[in-house]
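# Structural overview
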Amino acid sequence: MPTNGSSKPLLFLLTGFPGLENLYPWIAISISLMYFIAICGNGTILAIIQAEPSLHKPMYLFLAMLAVTDLCLTATTLPSMLRLFWFNSRAVGFGACATQMFFIHSLSCMESGILLAMAFDRFVAISNPLRYPLILTGSRIAKTGLVMLFRGVLFVFPTPLLLRLLRYCRVNTLSHSFCVHQDMMNLACSDRRVNIIYGLFAVLSTFGIDSLLVLLSYVVIVKTVLNIASGEERLRALDTCVSHLCAVLIFYIPLIGLTIVHRFGEHASPLVHILMGFTYVLIPPMLNPIVYSLKITQIRQRILKRLQSRAA
């Protein structure tokens, strides 16, 4: 319920699927299944990489970081979504909503940075394979992970503080079953220019730069591959990039779609906002481990070996 003259509302109301409340139990089951797949898939990836010394290499260490990030994102969105669809409980306090928003955006920023690091990994492995172990050492990989963690926290940290400075006197119903900055900001009736400018700056400084550098990495990779004489070696080199390219598309397409819907979709159907939100928080954590399990032979073999040993 909004307050008059208050810097923040007492409550935000999450949105499920209006008019389909009688189907919420089935929707909750579907969402629970997707979360189960995400948790099991990413957990399996982590367990295999941790247990197999042969997988303690840069590409797999970055993959482990991606799996941890996806698990954290799942843990961030799971409670509010299941509470909404299992119990039709829509109300969430400003503090809880701002906290969830902070973690969602921080983890998304971290995931973008990890995908950039994985692109650099493929660039070095293909363009300069002899120096690959010297460039991507264990300490540098750890430092890269810490930089991505601090970058995510640093860029997102001001947003809850900026939201607290706004005045909320409109209906406080959000567009999704979780909290994001653009959605919360749009409910304010005071001047939002600082929030808009900072939000745009943060997006361009993180996701914008990351996507451009990923694109640049693949331009160089393609040029390098085209200089390889053997057609079979070209295909082998490109095949090592397929899983990463899929992960990039799985992450950036929902992110761009959600951004466009929030900035230019004022007259779009609420269903479009809801579905884009679901795609943004559910699809990457669920599909990333599936893509890597199918495309990376070493991980696929370890999974099959474990399944066979349990069956025996």
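Residues numbered from 1 in each chain as written. Predicted model: local features only at pLDDT ≥ 70, side-chain atom pairs only at ≥ 80, totals over all residues. Heavy atoms only, no water.

Taking an unreviewed UniProt entry as the reference, the protein chain is identified by name as Olfactory receptor belonging to Casuarius casuarius. UniProt, in its Sequence similarities (unreviewed entry) section for the protein chain, records the words "Belongs to the G-protein coupled receptor 1 family." (UniProt positions renumbered as here; feature names shortened; annotations may be inferred.)

One finds Phe12, Leu63, Phe85 and Met184 to be the most contacted residues of the largest nonpolar core, which totals 79 residues. Non-local contacts of Leu63, meaning those with residues more than four positions away in its chain, are made with Ile45, Ile49, Met118, Tyr292, Ile296 and Ile299. (Core = buried A, V, L, I, M, F, W, Y, C linked by side-chain atoms within 4.5 Å. Buried < 20%, exposed > 50% of the residue type's maximum accessible area, 1.4 Å probe, protein only. Contact = heavy atoms within 4.5 Å.)

Applying the stated criterion across every chain yields a total of three salt bridges. Arg151 serves as the salt-bridge partner of Asp210, at 2.7 Å between the closest nitrogen and oxygen. Note that Asp210 is positioned in helix α8 (residues 193–226) and Arg151 in helix α5 (residues 138–156), a separation of 59 residues in sequence. Pair check on accessibility: Asp210 and Arg151 agree, each one buried. (Salt bridge = Lys/Arg side-chain N within 4 Å of Asp/Glu carboxyl O. Helix = DSSP H or I, 4+ residues; strand = E, 2+ residues; numbered from the N terminus.)

A few words on the packing of aromatic side chains. On inspection of all chains with the given rule, the structure shows 13 aromatic pairs. For the pair Phe102 and Phe103, a centre-to-centre distance of 5.4 Å together with 75° between the ring planes defines the contact as edge-to-face. Note on Tyr198 and Phe201: the rings are 6.0 Å apart at their centroids and 50° apart in plane angle, and the pair reads as tilted. With Tyr198 and Phe201 both in helix α8 and three residues apart, the pair spans about one turn of that helix. With relative accessibility at 44%, the residue Phe201 sits in the partly exposed group. Aromatic ring contacts, followed pair by pair, group Phe17, Tyr24, Phe85 and Phe278 into a single cluster. (Phe/Tyr/Trp six-rings, centres within 6.5 Å; stacked < 30°, edge-to-face > 60°.)

Moving on: helix α2 (residues 58–87). Taking 1.5 Å as the rise per residue, α2 with 30 residues should run 44 Å; its terminal C-alpha atoms sit 43 Å apart, in good agreement. Along α2, the largest kink reaches about 35° and is centred on Leu78; proline Pro79 follows within four residues of it. Two residues or fewer past α2, Asn88 is found with a positive phi of approximately 55°. (Expected span 1.5 Å × (residues − 1). Bend = angle between axes of the 7 residues up to and from the residue.)

Moving on to α8. Between its terminal C-alpha atoms α8 stretches 47 Å, which fits the 50 Å expected from 34 residues at 1.5 Å a residue. A maximum bend of about 35° is found in α8 at Leu204.

By the secondary structure assignment, His181 is in helix α7 (residues 181–185). Overall, the relative accessible area of 8% leaves His181 in the buried class. Look past the residues within four positions of His181 in its chain and what remains in contact with it is Met101, His105, Thr159, Leu163 and Asn195.

The next point concerns a nonpolar patch on the surface. Taken together, the side chains of Leu20, Leu23, Trp26, Ile29, Trp86 and Phe87 define a hydrophobic patch exposed on the protein surface, amounting to about 680 Å² of accessible area. Inspection of the secondary structure puts Trp26 in helix α1 (residues 24–51). Of the residues examined, Trp26 reaches a relative accessible area of 62% and is grouped as exposed. (Patch = residues over 30% accessible without salt bridge, like charges linked within 9 Å, V, L, I, M, F, W, Y side chains within 5 Å. Areas by Shrake-Rupley, 256 points an atom, 1.4 Å probe, with all protein chains shown as cover.)

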